[in-house]
Amino acid sequence: MTELELIIDLHKNSERQGPGSEHDTLRALGLLNLPTDQNLKVADIGCGSGGQTITLAKNLNAHITAVDLFPEFLNELNEKSQQLGFNGKVVTLEKSMDDLPFKQNAFDLIWSEGAIYNIGFENGLKKWKNYLKVGGYLAVSEITWITPSRPKEIEEFWKAEYPEVDIASNKIKQLENNGYSLTGYFYLSQDSWMETFYKPMQARFETFLERNGHSELARKVVEDHQAEIDLYLQFKDYFSYGFYIAQKKVEHWAKSYKERAANNEHQ
Ligand SMILES: C[S@@+](CC[C@H](N)C(=O)[O-])C[C@H]1O[C@@H](n2cnc3c(N)ncnc32)[C@H](O)[C@@H]1O
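Residues numbered from 1 in each chain as written. Predicted model: local features only at pLDDT ≥ 70, side-chain atom pairs only at ≥ 80, totals over all residues. Heavy atoms only, no water.

Let's talk about the site of the ligand
In step 1: Taken together, 18 residues surround the ligand, and among them Gln17, Gly46, Asp68, Met97 and Glu113 come closest.
In step 2: Within the backbone of Gly48, a nitrogen or oxygen atom sits 3.5 Å from an oxygen atom of the ligand.
In step 3: Here a nitrogen atom of the ligand and a side-chain polar atom of Gln52 are 3.2 Å apart.
In step 4: Protein contacts shield 90% of the accessible area of the ligand, which totals 590 Å² for the unbound molecule.
In step 5: Under a 2 Å grid-point criterion requiring more than half of the atoms, the pocket assigned to the ligand is the largest pocket. (Near = heavy atom within 4 Å. Polar contact = N/O pair within 3.5 Å; in protein donor to acceptor, adjacent residues only side chain to side chain. Areas by Shrake-Rupley, 256 points an atom, 1.4 Å probe, with all protein chains shown as cover. 1 Å grid on protein atoms, 1.4 Å probe; cavity = no way out; pocket = protein on both sides within 12 Å on 5 of 7 lines; lining within 4 Å. Sits in = over half its atoms within 2 Å of the grid points.)

Some words on the environment of Ile64
In step 1: Along the chain, Ile64 turns up in strand E2 (residues 62–68).
In step 2: In the structure, Ile64 is positioned ten residues away from Ile54 in sequence and 9.7 Å away in space, judged by C-alpha atoms.
In step 3: Residues within four places of Ile64 in sequence aside, it is in contact with Val42, Asp44, Thr53, Leu56, Ala57, Lys89, Val90 and Val91. (Helix = DSSP H or I, 4+ residues; strand = E, 2+ residues; numbered from the N terminus. Contact = heavy atoms within 4.5 Å.)

Remarks on the pairing of strand E5 (residues 132–145)
In step 1: Most of E5 is tucked away, with eleven of its 14 residues classed as buried.
In step 2: One ladder, built from five bridges, connects strand E4 (residues 107–112) with E5; its direction is parallel. Its bridge partner being in E5, Phe107 is matched across the sheet by Leu132.
In step 3: Tracing the backbone out of E4, into helix H5 (residues 121–129) and back to the parallel element E5 gives a crossover that is right-handed.
In step 4: Here E5 runs beside strand E8 (residues 239–248); their pairing, made up of nine bridges, is antiparallel. Residue Ile143 lies in a different strand from E8, and its bridge partner there is Tyr241.
In step 5: Bridging between E5 and strand E6 (residues 166–167) involves two bridges; their strand directions are parallel. By the bridge assignment, Thr144 is partnered in E6 with Asp166.
In step 6: Between the parallel pair E5 and E6, the chain is carried across by helix H6 (residues 152–161), and the sense of this crossover is right-handed. (Buried < 20%, exposed > 50% of the residue type's maximum accessible area, 1.4 Å probe, protein only. Pairing = 2+ DSSP bridges. Right-handed = clockwise from strand over helix to strand, strands pointing away.)

What about the layout of surface pockets?
It is a probe the size of a water molecule, rolled over the atoms, that shows where empty space is left.
In step 1: By volume, the largest pocket amounts to about 1,400 Å³.
In step 2: At the level of elements, helix H1 (3–11), helix H3 (51–59), E2, H6, helix H8 (191–211), helix H9 (216–235) and E8 are the ones that each hand at least two residues to the lining of the largest pocket.
In step 3: With six residues, the top contributor of residues to the lining of the largest pocket is H9.
In step 4: Looking at the lining of the largest pocket, its residues break down into 26 nonpolar, 13 polar and nine charged. (Points joined across faces, edges and corners; volume = space filled by probe spheres on them. Nonpolar A, V, L, I, M, F, W, Y, C, P; charged D, E, K, R; others polar.)

So, the packing of aromatic side chains
Each aromatic ring pair is described using two quantities: the centre-to-centre distance and the angle formed by the ring planes.
In step 1: By the definition in use, this model includes 19 aromatic pairs.
In step 2: Seen in terms of ring centroids, Trp111 and Phe243 are 5.7 Å apart; in terms of plane orientation they differ by 65°. Their pairing is edge-to-face. With Trp111 in strand E4 and Phe243 in strand E8, this pair connects stretches of sequence that are 132 residues apart. A single burial state applies to Trp111 and to Phe243, both of which are buried.
In step 3: Ring plane angle 10° and centroid distance 4.5 Å describe the contact between Trp193 and Tyr232, whose orientation is recorded as stacked. Separated by 39 residues along the polypeptide, Trp193 in helix H8 and Tyr232 in helix H9 bring together distant segments of the chain. (Phe/Tyr/Trp six-rings, centres within 6.5 Å; stacked < 30°, edge-to-face > 60°.)

Just geometry here; none of it tells us what the structure is for.
Spelled out as structure tokens, the structure:
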């Protein structure tokens, strides 16, 4: 197996592939004001094995398109949906989030937990806005500094891993500058990293190694993930995921020339 195949293997058969929890998904849902008398169109992008997709399906009157790049995760979600009787309500789509086949203004809600970083926050905001109806909502979680300054080690680590890492006020500015208006945001708690993501992952290390014959590459995958956990434990007071909920604004016909130039919109 390649390293990527091993990483997928480690993350299979787990509730979540990133920090988050049912509590967080419900808290974010509580910040939306969507009509309850209509069947909503929802996309869950970078859904993984669909921990949050199932919570959305349980709590929304909606048709949900759950997108991920990897069929291994989507197969798990399909199984779960079938067991829960959601197979018409949740449909999976194997596609890259930067190449989606969606129509313009198609969705009431675009959801994405711990995944937009794959194409970059601002790039994702711009691309996905096209698929949202005016007044539709975007709910995304994104790595965010939670203090105004940080130790150099963690600052440098995240800047190298993900240069878009920033404080919440700058993430909110990006939302506002790209045609959204913020409805609310919160940070994921430390339990949403440790209890629902890292500890269950650590509990899978041994069976993962056995399944893969304790190969050198499998051991490297475990060591890398353990190093990520150690780094989190050392610097957990400085960063988390911010969960941002925002609404697509009405486009104003009278945009100034300056605004158009800043957004690279040519007439
Ligand atoms: C950190 S995981 C989060 C998964 C899930 N939302 C959760 O919170 O448990 C990121 C997900 O993005 C998916 N992914 C990575 N690159 C992608 C891409 N280009 N298009 C679609 N999905 C992608 C991964 O397969 C993975 O399931």
